Amino acid sequence: MNSTTTKSRLTHSLTRGVSSMAFTELWERFSFYGLQGILSFYLLYSLDRGGLALDPAIAAGIVGAHGGCVYLAQILGAWLGDRLITPQSMVSSGAVVITIGHLVLAFAPGITGLAIGLILIVLGTGALKTNITSIVGFVLENEGTKRDAGFSYFYMAINAGAVLGPLSTGFAQNQFGFHYGFGLAAIGMFAALLQYNVSKKNLPDRARTLGNPLPKEHRIRHLLLAATAVVLLVLAIQSRFLNENNLVATVTTASLVAAVAYFVTMLRSKIVTGDEKRRVAGFIPMFIAGGIYFGFLFQKFTAISILITQRIDLSMGSWSFPVAWITTMSPLAAVLVTPLIARLWNRLGSRQPGPATKFALGLTQIGCAYLFLLLISEATGDAYIPLALILLFMMMAGSSEVFIGPIGLSLATKIGPEKFKTQMVGLNFLTLALGSSLSGLLGQVFTKVDNATYFTLVAAGAIVLGATLFLARSKINHLLGTWTR
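Residues numbered from 1 in each chain as written. Predicted model: local features only at pLDDT ≥ 70, side-chain atom pairs only at ≥ 80, totals over all residues. Heavy atoms only, no water.

A. Region of the structure containing the overall build of the protein chain. Of the regular secondary structure elements, the protein chain holds 17 helices and two strands. When its C-alpha atoms are laid out on the principal axes, the protein chain stretches across 65 × 50 × 45 Å. Within the protein chain, the fraction of its 485 residues that count as buried is 56%. When contacts within the protein chain are restricted to residue pairs at least 6 apart in sequence, long-range pairs at least 24 apart make up 83% of them. Summed over all atoms, the accessible surface of the protein chain reaches about 20000 Å², with 67% contributed by carbon and sulfur. Charged side chains of the protein chain number 35 positive and 19 negative; the gap between the two group centres comes to 12 Å. (Helix = DSSP H or I, 4+ residues; strand = E, 2+ residues; numbered from the N terminus. Buried < 20%, exposed > 50% of the residue type's maximum accessible area, 1.4 Å probe, protein only. Contact = heavy atoms within 4.5 Å. Areas by Shrake-Rupley, 256 points an atom, 1.4 Å probe, with all protein chains shown as cover. Lys, Arg positive; Asp, Glu negative; His and termini not counted. Charge placed at Lys NZ, Arg CZ, Asp CG, Glu CD.)

Structure follows, in structure tokens:
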């Protein structure tokens, strides 16, 4: 067999491995963002419109806390995928639990059904997300400069699901009611489970092995710790020590504590080399910047959702524009721009900007998007903001994600210490946990200050952080590896 044929078969195997995971993730994100697209409005809408009529500050807190918990749970999923259950099996079991959670939301009404369904989705997504991303990292392990492009296409699948999900569930909610939308999300998750089981035979052997198996003699101790944690959580909820008013602040604190614990563990571990510790240290400012960025982006589910209910007229003659379609513009813009940016990174090769520079671009762009929202909000005064302008804002903010999301995923799988590969992906997902919970806190602030002050602070914060990261890019990129731009 000649080298050309061998290379062609390897390329085909690589493409098939990434595409199978991408389609699985597309359907999983269809269900997740299909839920997210209508969840805020389910909490905010009045009872006669099928909602739960919650206070806007409480609704923002619940949505932010749920998103934070989804990504916070991925720490446990990452640890299990490294030490106890193979990544391939974690993805399968997570998909089953998520499907059940969406079915509960579809058929169990009220606060009780909401709580049970959201908890199951948190647990299932925690098992699935980090492990499927790690599997993509295994597939792209030796791809060098093509790595960011490969993750960009994987991320495009994520955003494609984030577009198709709310489009579908938003239409179902608009025409038939919220629980029909939740049912569609369950169907999407079942499709993800089916797609994964059909394609998992194409995965590399590393997906079926543990990176750092937990010794058998330690398993009982960890089981007791897990049981204790569950009991304490149940007691905190029953005693109202943990409630809807402090939930999002608690999740934010937990995300920060978990991140610090991860960084300290890797930086002090004897099984992590000096070079690996240097790269982990370089990831700290990237983690902080990523968490703040996603806090600004995920406001589409909190502060911006509240703004939509208050200042956007959805009436279009006799038809009402589905409210979930507004937030869909954000991932749609990311999907449209991703092939162009991925092609640019491929063309530039080793001359492409380093991760810190890419993050700086994304932060600056989303800051400019909020500056645009400030201008249109002030220009319209107390009147309704035109629907077309809020859609344009969503596209401006959403397209900035191409400089943050896939780059963070690629970076985490590239620089992670050998014994902490999957857990490094879990640490990267903590930027999403921090961002989601931060968006909930910001949503609560939004209910207490005027629009001009709020959007000014958010726009200025993003632009200043982007500029700071750009000025420090050489030092950060040097710590991370060989990048200089």
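B. Quick peek at the side chain of H66. Counting through the fold element by element, H66 comes out in helix 2 (residues 56-83). Residues contacting H66, with those up to four places away along its chain left out, are F32, L35, Q36, L39, L118, I121 and V122.

C. Looking closely at the confidence of the model for the protein chain. For the protein chain, the average pLDDT comes to 86, and 93% of its residues sit at 70 or higher. Low pLDDT (under 50) marks residues 1-13, which in the prediction has two contacts with non-local residues, meaning those over four places away or in another chain. (pLDDT = per-residue confidence, 0-100.)

D. Molecular detail of helix 7 (residues 219-238). Taking 1.5 Å of rise per residue, 20 residues should cover 28 Å, and helix 7 covers 29 Å from first to last C-alpha, within 8% of that figure. Count one or two residues on from helix 7 and you reach R240, which has phi positive near 70°. (Expected span 1.5 Å × (residues − 1).)

E. Representation of the packing of helix 12 (residues 355-380) against helix 16 (residues 451-471) in the model. At a minimum axis separation of 7 Å, helix 12 and helix 16 run at an interaxial angle of 160°. Considering their axes alone, helix 12 and helix 16 lie roughly antiparallel with respect to each other. With respect to the hand of their crossing, helix 12 and helix 16 are arranged in left-handed fashion. Broken down by class, the residue content of the contact of helix 12 with helix 16 amounts to 20 nonpolar, seven polar and one charged. (Axes fitted to C-alpha atoms, helices over the stretch in contact; angles between N-to-C directions. Parallel < 35°, antiparallel > 145°, perpendicular 65-115°, else oblique. Left-handed = near helix turned anticlockwise from the far one by under 90°. Nonpolar A, V, L, I, M, F, W, Y, C, P; charged D, E, K, R; others polar.)

F. Representation of unusual backbone geometry within the structure. The residue A53 is not glycine, and still its phi comes out positive at about 55°. As for its placement among the helices and strands, A53 is situated in the loop between helix 1 (3-44) and helix 2. A positive phi angle is found at R240, which is not glycine, with a value near 70°. Looking at where R240 falls in the secondary structure, it is placed in the loop between helix 7 and helix 8 (247-268).

G. Structural view of helix 14 (residues 405-415). Judged by how many residues are buried, helix 14 sits mostly within the fold: ten of eleven residues are covered. Every buried residue belonging to helix 14 is among G405, P406, I407, G408, L409, S410, L411, A412, T413 and I415, and all of these are buried.

H. The arrangement of the packing of aromatic side chains in detail. Taken as a whole and judged by the stated rule, the model has 23 aromatic pairs. Taking the centre distance of 6.0 Å and the plane angle of 45° together, the rings of F446 and F455 count as tilted. Take F446 and F455: they sit in the same class, and that class is buried. Taken together, F32, Y33, Y71, Y293, F294, F298 and F301 form an aromatic cluster joined through their ring pairs. Above the ring of Y45, the side-chain terminus of R49 is found at 3.8 Å from the ring centroid. A cation over an aromatic ring shows up here: R473 above the ring of F470, its NZ or CZ 3.9 Å from the ring centre. (Phe/Tyr/Trp six-rings, centres within 6.5 Å; stacked < 30°, edge-to-face > 60°. Lys NZ or Arg CZ within 6 Å of the ring centre and 35° of its normal.)

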